[in-house]
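# Tertiary structure, described
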Amino acid sequence: MPSLRLPQEAPSLADAVAQAVRDGIAAGELVPERTYSVYQLAELLGVSRSPVREGMLRLAEAGLVVIQRNRGFRVTPPRAHDIQEIIEIRLALEPPAARKAALCGTDAQHAAIRAALEAMAAAADHDDEAAFWPADRELHDLLLRAAANTRAAAIVAQLRSTTALLGPPTTASGRTLTQIHAEHEPVVTAVLARDGAAAETAMRTHLEATGHLLTAHLPTRTAAP
């Protein structure tokens, strides 16, 4: 029987189930060759079947499991290609948005962007990942919204949620919170200076570096294209 742990810090029971299964896949506890039932997983985690079904649907959307009707689910290990696709979409959306945020964002929007970067810096100083990642997400969201593109903001938010399910954050590869903050600093500096070209270039550099680290850190057995 696989050994799975239900994390206590997840925002909902379905999120906790999805995280437990993701961790089980990464640890090799759940393997592609087997089919697992909702009943089995509910018993392993000590929860009802409803959050298990919801959690599995989220993982299926991320591409980590395949739902087999009336049977359960089968693990589909993450591939480097999955991350590359997500980064390609973000590269199509976020660098041009950073340019537009620099040129068209209001003073109030720029102040909010500056505050988000400062929150990232404070969290990095205390090595506080729980505070850092929400500030990181907020900064990216604010940049997209300053570019007057709420649909792109929603798409990127979903893509980031999928990325979190596909593998560990880039800090697992040795990248520090301070280094991640430093990658965002040129973006914000350019936006506040209303330098659209520099903002676009800095965002592209940041996303490309992130994509490289995310794919490089996938387990060797699951990183095939």
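Cut-offs and rules
- Residues numbered from 1 in each chain as written.
- Predicted model: local features only at pLDDT ≥ 70, side-chain atom pairs only at ≥ 80, totals over all residues.
- Heavy atoms only, no water.
- Core = buried A, V, L, I, M, F, W, Y, C linked by side-chain atoms within 4.5 Å.
- Buried < 20%, exposed > 50% of the residue type's maximum accessible area, 1.4 Å probe, protein only.
- Helix = DSSP H or I, 4+ residues; strand = E, 2+ residues; numbered from the N terminus.
- Contact = heavy atoms within 4.5 Å.
- Pairing = 2+ DSSP bridges.

A word on the nonpolar core. Soluble, globular proteins show a tendency: their nonpolar side chains are buried together. Val17 and Leu41 are the most contacted members of the largest nonpolar core, which has 56 residues in total. In terms of residue count, helix 4 (residues 80–104) provides more of this core than any other element does, seven residues in total. Discounting chain neighbours no more than four positions away, the residues touching Leu41 are Leu4, Val17, Val21, Val52, Met56 and Phe73. Counting six residues, the second largest nonpolar core, distinct from the first, contains Leu144, Ala147, Ala153 and Val156.

The next subject is the sheet that holds strand 1 (residues 35–36). Sheets are built from strands that pair by backbone hydrogen bonding, the pairs being arranged parallel or antiparallel. Reading across the sheet, the three strands line up as 1-3-2 and stay open at both edges, with antiparallel pairing between neighbours. Of all the strands in the sheet, the pair left with one neighbour each is strand 1 and strand 2 (65–68). Sheet topology places strand 2 next to strand 3 (residues 72–75); four bridges connect them, and they run antiparallel. Along strand 3, the bridge assignment pairs Ile67 with Phe73.

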